[in-house]
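# Observations on the three-dimensional arrangement
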Amino acid sequence: VQLQASGGGLVQAGGSLRLSCAASRRTFSGYAMGWFRQAPGKEREFVAGFSRNGGSTYYADSVKGRFTISRDNAKTTVYLQMNTLKPEDTAVYYCAADNRIIASRYRDYTGYNYWGQGTLVTVSS
């Protein structure tokens, strides 16, 4: 699976951005999809994700209520709508996928085998 992330940019605090992650496969079926981010000097952290059957979504506490993950199965694209952005949201954002990951590892970046190239989000104060 090849993933292509896009949509990053520079935005002021309080603003919004929508990230996209396009997959090379014709179907998401059986793949857990996740968004992660990594700020300079910090470890990669979970942001949001879909379960393997697509029926459940998961969010980090730090983004709950501000970010929304969604998907377009026809386009095999996953989106991350980010609202009320804060300077601490500044990071490189990555999308990830895996078809063998177990539910207990959905928030663990080491559980994903397929990664997009990352897109930079910078939130100015």
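Scoring rules and cut-offs
- Residues numbered from 1 in each chain as written.
- Predicted model: local features only at pLDDT ≥ 70, side-chain atom pairs only at ≥ 80, totals over all residues.
- Heavy atoms only, no water.
- Helix = DSSP H or I, 4+ residues; strand = E, 2+ residues; numbered from the N terminus.
- Rg over C-alpha atoms; globule rule 2.2 N^0.38 Å.
- Buried < 20%, exposed > 50% of the residue type's maximum accessible area, 1.4 Å probe, protein only.
- Contact = heavy atoms within 4.5 Å.
- Areas by Shrake-Rupley, 256 points an atom, 1.4 Å probe, with all protein chains shown as cover.
- Lys, Arg positive; Asp, Glu negative; His and termini not counted.
- Charge placed at Lys NZ, Arg CZ, Asp CG, Glu CD.
- Pairing = 2+ DSSP bridges.
- Axes fitted to C-alpha atoms, helices over the stretch in contact; angles between N-to-C directions.
- Salt bridge = Lys/Arg side-chain N within 4 Å of Asp/Glu carboxyl O.
- 1 Å grid on protein atoms, 1.4 Å probe; cavity = no way out; pocket = protein on both sides within 12 Å on 5 of 7 lines; lining within 4 Å.
- Points joined across faces, edges and corners; volume = space filled by probe spheres on them.
- Nonpolar A, V, L, I, M, F, W, Y, C, P; charged D, E, K, R; others polar.
- Core = buried A, V, L, I, M, F, W, Y, C linked by side-chain atoms within 4.5 Å.

Our next topic: the overall build of the chain. Across its full length, the chain carries 0 helices and 11 strands. Reading the secondary structure of the chain in the N-to-C direction produces β-β-β-β-β-β-β-β-β-β-β. The globule rule puts the C-alpha radius of gyration for 125 residues at 14 Å, and the 13 Å found for the chain is close to it. Overall size of the chain, expressed as C-alpha extent along the three principal axes, is 40 × 30 × 25 Å. For the chain, the proportion of its 125 residues judged to be buried stands at 42%. Sequence-distant contacts in the chain: of pairs separated by 6 or more residues, those separated by 24 or more amount to 58%. Put simply, the chain shows about 6,400 Å² of open surface, and 44% of that area lies on carbon and sulfur atoms. Of the side-chain charges in the chain, 15 are positive and 8 negative, and the distance between the mean point of each set is 7 Å.

With respect to topology, 4 strands assemble into an open sheet ordered β1-β3-β8-β7, the strand pairing being antiparallel. For this open sheet the edge positions go to β1 (3-6) and β7 (67-72), each flanked by a neighbour on one side alone. Direction aside, neighbouring strands of the sheet carry axes that sit 15° apart on average. With 6 bridges joining them, β7 and strand β8 (residues 77-82) adopt antiparallel strand pairing. By the bridge assignment for β8, Phe 67 is matched with Met 82.

We now examine the pattern of salt bridges. If you walk through the whole model with that rule in mind, you get 5 salt bridges. Note that Arg 37 and Asp 89 form a salt bridge whose closest N and O atoms lie 2.9 Å from each other. With a gap of 52 residues between them, Arg 37 in strand β4 (residues 32-38) and Asp 89 in the loop between β8 and β9 (91-98) connect regions that are remote in the sequence. For Asp 89, a relative accessible area of 1% translates into the label buried. Three or more residues joined by partner-sharing salt bridges are found here, namely Arg 37, Glu 45, Arg 66 and Asp 89.

Summed over the entire model, instances satisfying the criterion amount to 1 cavity of 30 Å³ or more. Roughly 30 Å³ of volume is contained in the largest cavity. Lining the largest cavity we find Val 1, Ala 23, Arg 25, Thr 27, Phe 28, Tyr 31, Met 33 and Ala 97. In terms of residue class, the lining of the largest cavity is made up of 6 nonpolar, 1 polar and 1 charged.

To continue, consider the nonpolar core. Among soluble globular proteins, nonpolar side chains are generally buried collectively. One finds Met 33, Trp 35, Leu 80, Met 82 and Tyr 93 to be the most contacted residues of the largest nonpolar core, which totals 36 residues. Elements with a contribution of two residues or more to this core: β1, β3 (17-23), β4, β5 (45-50), β7, β8, β9 and β11 (119-124). No other element matches β9, which puts 5 residues into this core. Aside from chain neighbours lying at most four places away, what touches Tyr 93 is Leu 19, Trp 35, Phe 36, Arg 37, Val 47, Phe 67, Leu 80, Met 82, Gly 118, Thr 119 and Val 121.

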